[in-house]
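# Structural overview
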Amino acid sequence: METRQRQADRSRETKRKLMEATVECLVERGWSGTTTTEVAERAGVSRGAQLHHFRTRGELVAAAVEHVGAESVEVLKRRAEIAEKTTHAVVELIADFHASDLFTAALELWVAARTDPELREQVLELQARLGREVYGLALELLDVDDTKPGVKDAVQATLDLVRGLALANQLADDAKRRAHVVRYWARMLEEQL
């Protein structure tokens, strides 16, 4: 029984290393530079161990982004617990979440999925799930009810806005402009909610 537990622990650790290495690789090298061989090497695991857990690059990348996405939502929740409970603080938290390495990795996946039908199915499912989680978290943090008129649209517009800001940040540091837009939008959102 103890041997099985150690084996399960090693397996979880191998998966974690592979997932972290995949996201790092996507951020640094993009989709075309993220190969299973490169990921296994970065993770410090054998190619056989990598193939045991993930048969294809698509499976590996989708699992890595999903894992880090879920982890990032948890980090976002913990930060929200200690952050100010103002509309500005909430919009800023969500904007920072979208400006993370996770967004960069996800963006690489979205672009690749446009022309890869198998990856597209995985990414669409992943995007929908993470989108629902972040939307629900935004409702909770803003302490609003999306059955009230205008609330659903306002919260969704917030999420669309921060994704756009994060996209603008991909080629050059856009933090100063992002901070200005976040402040402005938070004031507008507060009036709407």
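Described in the following lines is the structure provided in the data block.

The rules behind these values
- Residues numbered from 1 in each chain as written.
- Predicted model: local features only at pLDDT ≥ 70, side-chain atom pairs only at ≥ 80, totals over all residues.
- Heavy atoms only, no water.
- Helix = DSSP H or I, 4+ residues; strand = E, 2+ residues; numbered from the N terminus.
- Polar contact = N/O pair within 3.5 Å; in protein donor to acceptor, adjacent residues only side chain to side chain.
- Buried < 20%, exposed > 50% of the residue type's maximum accessible area, 1.4 Å probe, protein only.
- Contact = heavy atoms within 4.5 Å.

## Some words on the side chain of threonine 158
- As for its placement among the helices and strands, threonine 158 is situated in helix α8 (residues 151-168).
- Of the polar contacts made by the side chain of threonine 158, one reaches the backbone oxygen of alanine 154; its length is 2.8 Å.

## Focus on helix α2 (residues 36-43)
- Of all the residues in α2, the buried ones are Thr36, Glu38, Val39, Ala40 and Ala43.
- Contacts from the buried residues of α2 go to α1 (2-33), α3 (47-53) and α4 (57-82).
- Positive backbone phi, at 75°, marks glycine 44, one or two positions downstream of α2.

## What about the side chain of threonine 22?
- By the element assignment, threonine 22 lies in helix α1.
- Here threonine 22 falls in the buried class, since its relative accessible area comes to 0%.
- If we ignore the near neighbours within four places in the chain, the residues touching threonine 22 are Thr34, Val39, Leu60, Val61 and Ala64.

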